[in-house]
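For reference, the chains in residue letters:
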Amino acid sequence: MGSGGSKTTESQKNGPKADVLKETDEEPISLDDIVEGYPPPKAVRDKKRHIFTEEDKKVSDSRANTIRVEDYQTFEELSRALTEGLQNDVQKVRAIFTWIGLQGTKGNNSKNNAAPMSPQHIVQLVIQRKASYNLLFVMLCRAVKIPCVFIRGLAKSAAYEVGDRTVDKLGNSWTAVFVSGGWRFVFPLWAFSAIVGHSTGTWTLVESDGQGARETEAKSSGVTVANFNDYYFLTDPDEFIYTCFPHDSKWQLLAKPYTKQQFIDIANCEQAYFENHIQITTKLECLYKSENGVCDIGIKKANEEEFKHLYKLYFNHELSKTKLSKELQLDRYVAVMNNKSAVNFRIRFPGEGIYKMEIYGGSPTGFPLICSFRLDCNEGVSNVKPFPCNPESGFGPNLVTVSAGLEAESHKTGFINVKKNKNVNIRFNLNKHVQVQTVLVHNNIQEEVLSRHVNHKVKGQHLEVNVEVPQQGEYALQINTKPKGSSEPFKNACNYLLASEDMNKKKRFYENAAEKKARNELEGCLKSNDPESIQKAIDNFDQFDLDDKGKREKAERKKNFLVLQKELKEAIARRNVDVLETAIDNAKSSEFSSNLQNHITEAEQLLAELRKLKRFAHEVLQMKQSTISEIHSYKNPRPLAYDVMKATYFLLGEKEDHLQEWEQIQGLMRKSGKQGLLRRVRQFDTINVTENMVNSAAQLLRQYDEETATTASAGLGTFYKWASNVVDTTEKENLKIDI
């Protein structure tokens, strides 16, 4: 198969596949492809992992390492030495397979005086490529009575170019062996050899993982090297068919055999595709044709895991009818769209011609080639523009986003359809303390101009990003982060591709009944003062691609105003410091701050009062229980103690007839839970205080001062100070209190 010039190490692992000896080349020994009496070929049910274990591999490979070919004169003796004592046919076949692979790594060092047709002689011929690996494997299996056959057909080896429509020149052969109750494929040639550096010389690398390139590969037949690849031992038939097509369909070992045309069309999936459980989510074919200058290729992991990936885009400079302009910068024609474990590669074509897309990744240990596609663009693409940017992590939340401490709450895919100059609100949960930077990008509009159309706000553990595109077109939103307080540069955490219109969609010049109803509801909601009703009308309107004629923007602004107004009113009613602070900050930082000024002022005044009460209560709440117990223990308290505690309980709402005797006050001080003294002081709010309560407390407290109370008892001094502050505050602010 064709590949970029950079593939070397990975080529040894899983391709390009070596070519077999030509059909005209004669083997030194003639064997029947199939022996009479062998079991007939049938579809295989069990997977390789069900019949071949790590223990099988360990036992068999250990045996293979100890056997020297020169010690045996016949294949029967050699096979017996390799397999004797092994528990089952799978282990025996594995020992034979591994032993053959080890011979290939030793090079051509066999003695020339080996007896003709002896095992040593045949091994020497295999190493010299004068005999096939198939022959050696079949002879050794048959020597221990394990059924083994030659299979002839077509194989997508190094001579194959992805998307080829003609495959008749790909003649090849492999084997099948009968183990564990069924036939299994073994392809010795591909298991024990690979081609490094193969290139047709027809491809130019134009984009590599977001970076532009103009690297034209040199033509090379490559070098065949020794290899050892377990994948081609007992390969599962449903995977094998992607690259190998037997002339006899029964030897596909599939319940529903493929046709030759299906074999030609099937996606070009590599070993890593199957080993890492990748799935193609678009059409399972190797040839894609552009529509409106665009192709989409989708992949995902079957187990829903996210995974890292790379891509390379090539242009066929020999077979394409047109040439790419030398002035054209090719670095933003592939967009990677993330959607959890799924990835979609959207390819735009800078010119007519034949392209190739290679996708790498999926493995926890590196970036092997997963699959490749031929992409044909046979249409004019003068209107096709590059993407605004091509971020390394793609568009949409992904592993990089999570690592940066951001968790997408609203938009979890990479594409956002913007409804014609309308606000887009993107929300995240923050799992780390970070600083945030937001950047809007367009192909033709300067970043400085766009900076006025994007802003963000961090509220506690929540991030909100607001975007309003200035005109129709395509934009990229970049969200960058760095640790809070850090001087290091921002790093990209997440990106979105925003489009304010679909250039390919045909537009209607009339509205149907549902669209008219949505427009009428939007216009009608402008008279409403219920933000939820307005939002419902907006959401309904947004289902349709309609020109809002300014009404949607008005509805959005009114809803935002009403939400802020409602927040302020509810915060004032709740009289909670944290809620008030949030509502005031939101209102003051909004465009409606002047319209909400009366509510803001009222909320700020209440906030100041509540903070003051909180400050008053601080010393009381810091008192130890022993101090309160001391006051409670007084049997015959002085008038000061009785009056201070009576004033305290007056302000806390106790009726006067419950405070006539010291014993009654002692009883109140003994209470716990919701009625406990400290808890009642903590929850105290002047909204519950009447004028009579203030006057009664003030009359009792005016007889003393703070110094006198503190001298008598530190605890009494603390309660005196709290009660006096409450009385002074309510009197100064002239609260209107019901009697």
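Residues numbered from 1 in each chain as written. Predicted model: local features only at pLDDT ≥ 70, side-chain atom pairs only at ≥ 80, totals over all residues. Heavy atoms only, no water.

The protein has the name Transglutaminase-like domain-containing protein in an unreviewed UniProt entry, where Magallana gigas is given as its organism.

> Can you walk me through the UniProt feature "domain: Transglutaminase-like" (unreviewed entry) in the protein in this structure?
Mapped onto this numbering, the UniProt entry gives "domain: Transglutaminase-like" (unreviewed entry) at residues 125–190. Regarding residues 125–190, the helix share stands at 26% and the strand share at 33%, and the terminal C-alpha atoms are separated by 18 Å. (UniProt positions renumbered as here; feature names shortened; annotations may be inferred. Helix = DSSP H or I, 4+ residues; strand = E, 2+ residues; numbered from the N terminus.)

> I'm lost on the sheet that holds strand E20 (residues 415–417) in this one. Help?
The strands that make up a sheet are held in pairs by hydrogen bonds between backbone atoms, and each pair lies either parallel or antiparallel. Overall, mixed pairing links the four strands, which are arranged E20-E26-E25-E22 in an open sheet. Each of the sheet's edge strands pairs with one partner strand only, and the pair in question is E20 and strand E22 (434–441). If you compare each strand with its neighbour and ignore which way they point, the axes differ by 25° on average. Examined bridge by bridge, E22 and strand E25 (residues 474–483) share eight bridges and lie antiparallel to one another. When the sheet's bridge partners are listed, valine 434 is paired in E25 with proline 483. (Pairing = 2+ DSSP bridges. Axes fitted to C-alpha atoms, helices over the stretch in contact; angles between N-to-C directions.)

> Looking at this structure, how should I read the nonpolar core?
Soluble, globular proteins show a tendency: their nonpolar side chains are buried together. Trp99, Phe137, Val177, Phe345, Met357 and Leu375 are the most contacted members of the largest nonpolar core, which totals 105 residues. Considering each element in turn, this core owes the most residues, nine residues, to helix H7 (residues 133–143). Not counting the four nearest positions on each side in its chain, leucine 375 is found in contact with Tyr288, Ile297, Leu313, Ile347, Phe349, Gly353, Ile354, Tyr355 and Met357. Counting residues in hydrophobic clusters, the runner-up holds 38 residues, among them Val620, Tyr649, Trp662 and Leu668. (Core = buried A, V, L, I, M, F, W, Y, C linked by side-chain atoms within 4.5 Å. Buried < 20%, exposed > 50% of the residue type's maximum accessible area, 1.4 Å probe, protein only. Contact = heavy atoms within 4.5 Å.)

> Sorry if this is basic, but what is going on with the packing of helix H20 (residues 639–651) against helix H23 (residues 691–701) here?
A packed helix pair is summarised by two numbers, namely the angle formed by the two axes and the spacing between the axes. In the contact formed by H20 and H23, the axes pass within 9 Å of each other and the chain directions differ by 165°. Between H20 and H23, the angle is such that the two are roughly antiparallel. Judged by the sense of rotation from one axis to the other, the crossing of H20 with H23 is left-handed. Within the contact between the two elements, H20 uses Asp643, Val644, Lys646, Ala647, Phe650 and Leu651 and H23 uses Met693, Val694, Ser696, Ala697, Leu700 and Leu701. Here the residues of the contact of H20 with H23 are counted per class, giving nine nonpolar, one polar and two charged. (Parallel < 35°, antiparallel > 145°, perpendicular 65-115°, else oblique. Left-handed = near helix turned anticlockwise from the far one by under 90°. Nonpolar A, V, L, I, M, F, W, Y, C, P; charged D, E, K, R; others polar.)

> What should I look at first to understand the pattern of salt bridges in this one?
Any two side chains of opposite charge can pair, so long as their charged atoms come close to each other. Considering all chains together, one arrives at 21 salt bridges under this definition. When the shortest N-O distance is used, the salt bridge between arginine 165 and aspartate 265 registers 2.8 Å. A residue pair is termed long-range when its members are at least 10 positions apart, and arginine 165 in the loop between strand E1 (148–155) and strand E2 (171–179) and aspartate 265 in helix H10 (residues 260–265) qualify at 100 residues. Judged by relative accessible area, which is 23%, aspartate 265 ranks as partly exposed. For lysine 260, the salt bridge goes to aspartate 168, with nearest N and O atoms at 2.4 Å. Note that lysine 260 is positioned in helix H10 and aspartate 168 in the loop between E1 and E2, a separation of 92 residues in sequence. On the basis of relative accessible area, lysine 260 is assigned to the partly exposed category, the value being 35%. Three or more residues are tied together by salt bridges with common partners; here these are Lys57, Asp61, Arg94 and Asp230. (Salt bridge = Lys/Arg side-chain N within 4 Å of Asp/Glu carboxyl O.)

> What is the right way to look at the packing of aromatic side chains in this model?
The relation between two aromatic rings is expressed through the spacing of the ring centres and the mutual angle of the planes. Applying the stated rule across the entire model yields 27 aromatic pairs. Considering the side-chain rings of tyrosine 242 and phenylalanine 274, the 5.1 Å spacing of their centres and the 75° angle between planes classify their relative orientation as edge-to-face. You can see tyrosine 242 sitting in the loop between helix H9 (237–240) and strand E9 (244–246) and its partner phenylalanine 274 sitting in helix H11 (residues 271–275), a full 32 residues away along the chain. For the pair tyrosine 242 and phenylalanine 274, a shared accessibility class is recorded, and that class is buried. Measuring from centroid to centroid gives 5.2 Å for phenylalanine 684 and tryptophan 722, while their planes differ by 75°, and the two rings are edge-to-face. Placement of the pair is phenylalanine 684 in the loop between helix H22 (677–682) and H23 and tryptophan 722 in helix H25 (residues 714–732), with a sequence separation of 38 residues. Of the two residues, phenylalanine 684 and tryptophan 722, neither departs from the other in class, the shared state being buried. Ring-pair connections join several aromatic residues into one group, and the members of that group are Trp174, Phe185, Phe187, Trp190, Tyr231, Tyr232 and Phe240. The side chain of lysine 283 reaches across the aromatic face of tyrosine 288, ending 4.9 Å from its centre. (Phe/Tyr/Trp six-rings, centres within 6.5 Å; stacked < 30°, edge-to-face > 60°. Lys NZ or Arg CZ within 6 Å of the ring centre and 35° of its normal.)

> What am I meant to see in the side chain of aspartate 236 here?
Structurally, aspartate 236 can be placed in the loop between strand E8 (233–235) and H9. Within polar-contact distance, the side chain of aspartate 236 engages the backbone nitrogen of lysine 48 at 2.8 Å. In this structure, aspartate 236 is in contact with Asp46, Lys47, Lys48 and Arg184, ignoring residues within four places of it in sequence. (Polar contact = N/O pair within 3.5 Å; in protein donor to acceptor, adjacent residues only side chain to side chain.)

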